[in-house]
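Architecture at a glance
Now for the letters of each chain:
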Amino acid sequence: MFIGIIIGLLSAFCMSGSYIFSRAFIRKHKSPICIAVYSQILMGFFGIASLAISFFVAEIPLTPRFFLYVGGQVGGYVVGHTSFFMLLRYVEATRAASLIGLKIIALVLIAILMGTTVSSLQWLSVILCTIAAVGMNLSGGHLSFQSIFWLFLSVFGYAFTDVCITELMLMMPGKSMLENAFGVMGICYTVLGILALGGLFKYPYKREYLREVVPYSLCYFSSIFFLMACFGLLGVVFGSIIQAGRGIISILLGIVLLHFGLEKSEPQVSARMWIRRLIMALLMLCAMIIYSLTVQK
């Protein structure tokens, strides 16, 4: 379990970094869809590399059930990812990172529908995680109807993606979850990269776009790689609670940005607001600890 938690925190760190880079791109070019297209094309090449590595470390089960979940992962990812970039038009990156923590509610609902039993302590952990995400939102001002709409789509799209990822990882026969992640990442991101090529009709190739999505793409791809391994080791609900630690990491990154005067990336907020966000982040940490006590690994 300890290894799974460490891998989950690595995923959270990389994801927090990706939020900052994506927000910077959208502020400059005013196009959430553009970064979605170009980053996905670049990550498609990362997927091809992962697929090549997987031939040496893991065997991909070429079964109809496997590819059914690949289709689910791709569909959920497209909805969740595009919606998240639309959300960044209305919400700063560190705040959005915390709000995505609401995904835990959707994951629990999906888990219950799939027949998973949730204990009282696990429910308490989920409730605390939800309160923390909402509390961070209240520390940043009012959410518009548009931002709530895109947040809803993003949360449920990502939740569905996470469920499919977990099933794919468990179907892989590799010796470790990190080995299995190469195969799953290779298949899913190669498919997503091919689909993203269609976006070049709307956003013709520009070297500037491709160059500026590199930091985001590296952070995001690394985050998902670690996340897949984490889900395989801890399960989708516990893994998502661990990854919700990105709220704490994002707050720390936000403080660093403000310290160095990068107001264009993060808006200026009062010390009281930062303290409130930190309290909510610690509440989320408590949720992780409580859930970990219910898991026997």
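Residues numbered from 1 in each chain as written. Predicted model: local features only at pLDDT ≥ 70, side-chain atom pairs only at ≥ 80, totals over all residues. Heavy atoms only, no water.

Broken down by element type, the chain carries 13 helices and 0 strands. For the chain, the N- to C-terminal ordering of α and β elements is α-α-α-α-α-α-α-α-α-α-α-α-α. Scored against the burial criterion, the 297 residues of the chain give a buried share of 57%. In the chain, 88% of the contacts between residues at least 6 apart in sequence involve partners at least 24 apart. In the form shown here, the chain has an accessible surface area of approximately 13,300 Å², with 74% of it arising from carbon and sulfur atoms. (Helix = DSSP H or I, 4+ residues; strand = E, 2+ residues; numbered from the N terminus. Buried < 20%, exposed > 50% of the residue type's maximum accessible area, 1.4 Å probe, protein only. Contact = heavy atoms within 4.5 Å. Areas by Shrake-Rupley, 256 points an atom, 1.4 Å probe, with all protein chains shown as cover.)

It is worth spelling out the packing of helix α10 (residues 214-234) against helix α11 (residues 236-243) at this point. The interhelical angle for the contact between α10 and α11, taken along N-to-C directions, is 135°, at an axis separation of 7 Å. By the angle class used here, α10 and α11 are oblique. α10 and α11 meet at a crossing whose hand is right-handed. Contacts between α10 and α11 involve Ser223, Leu227, Cys230, Phe231 and Leu234 from the first element and Val236, Phe238, Gly239, Ser240, Ile242 and Gln243 from the second. When the residues that make up the contact of α10 with α11 are grouped by side-chain class, the tally is 7 nonpolar, 4 polar and no charged. (Axes fitted to C-alpha atoms, helices over the stretch in contact; angles between N-to-C directions. Parallel < 35°, antiparallel > 145°, perpendicular 65-115°, else oblique. Left-handed = near helix turned anticlockwise from the far one by under 90°. Nonpolar A, V, L, I, M, F, W, Y, C, P; charged D, E, K, R; others polar.)

This paragraph deals with the environment of leucine 143. Mapped onto the elements, leucine 143 comes out in the loop between α6 (120-138) and α7 (145-171). In sequence terms leucine 143 and tyrosine 90 are 53 residues apart; their C-alpha atoms lie 8.2 Å from each other.

On to a nonpolar patch on the surface. Where nonpolar side chains cluster on the molecular surface, the patch consists of Phe2, Ile3, Ile6, Leu9, Leu10 and Leu233 and spans about 550 Å² of accessible area. In terms of residue count, helix α1 (residues 2-29) provides more of the nonpolar patch than any other element does, 5 residues in total. Tracing the backbone through its elements, the reader meets leucine 9 in helix α1. (Patch = residues over 30% accessible without salt bridge, like charges linked within 9 Å, V, L, I, M, F, W, Y side chains within 5 Å. Salt bridge = Lys/Arg side-chain N within 4 Å of Asp/Glu carboxyl O.)

Tracing the backbone through its elements, the reader meets isoleucine 26 in helix α1. When its relative accessible area of 6% is taken as the criterion, isoleucine 26 is described as buried. For isoleucine 26 and arginine 89, which are 63 residues apart along the polypeptide, the C-alpha to C-alpha distance reads 7.3 Å. In this structure isoleucine 26 touches Ser31, Pro32, Ile35, Phe85, Leu88 and Arg89, once residues within four positions along its chain are discounted.

By the criterion of burial, α11 is predominantly enclosed, with 8 of the 8 residues buried. Those residues of α11 that sit buried are Val236, Val237, Phe238, Gly239, Ser240, Ile241, Ile242 and Gln243.

Turning next to the packing of aromatic side chains. A full pass over the atoms with the stated rule returns 15 aromatic pairs. Pairing tyrosine 77 with tyrosine 189 gives two aromatic rings, centres 5.6 Å apart and planes at 75°, and the pair type is edge-to-face. Of this pair, tyrosine 77 sits in helix α3 (residues 64-87) while tyrosine 189 sits in helix α8 (residues 177-196); the two residues are 112 residues apart in sequence, bridging distant segments of the chain. Since its relative accessible area comes to 3%, tyrosine 77 is described here as buried. Pairing tyrosine 77 with tyrosine 220 gives two aromatic rings, centres 6.2 Å apart and planes at 65°, and the pair type is edge-to-face. Here tyrosine 77 is found in helix α3, whereas its partner tyrosine 220 is found in helix α10, with 143 residues between them in sequence. Side by side, tyrosine 77 and tyrosine 220 carry an identical accessibility label, which is buried. (Phe/Tyr/Trp six-rings, centres within 6.5 Å; stacked < 30°, edge-to-face > 60°.)

Once that is clear, we can look at the pattern of salt bridges. According to the stated counting rule, one finds 3 salt bridges in the structure shown. Among the ionic pairs, glutamate 208 bridges to lysine 28, the shortest N-O distance being 3.4 Å. Taken together, the residues span a long stretch of sequence, with glutamate 208 in helix α9 (residues 207-212) and lysine 28 in helix α1 at a distance of 180 residues. Between glutamate 167 and arginine 65 there is a salt bridge, with its nearest N and O atoms 3.4 Å apart. Of this pair, glutamate 167 sits in helix α7 while arginine 65 sits in helix α3; the two residues are 102 residues apart in sequence, bridging distant segments of the chain. Glutamate 167 gets classed as buried once you look at its relative accessible area, which sits at 18%. Connected through salt bridges with shared partners, the residues Lys28, Glu208 and Glu212 form a single ionic network.

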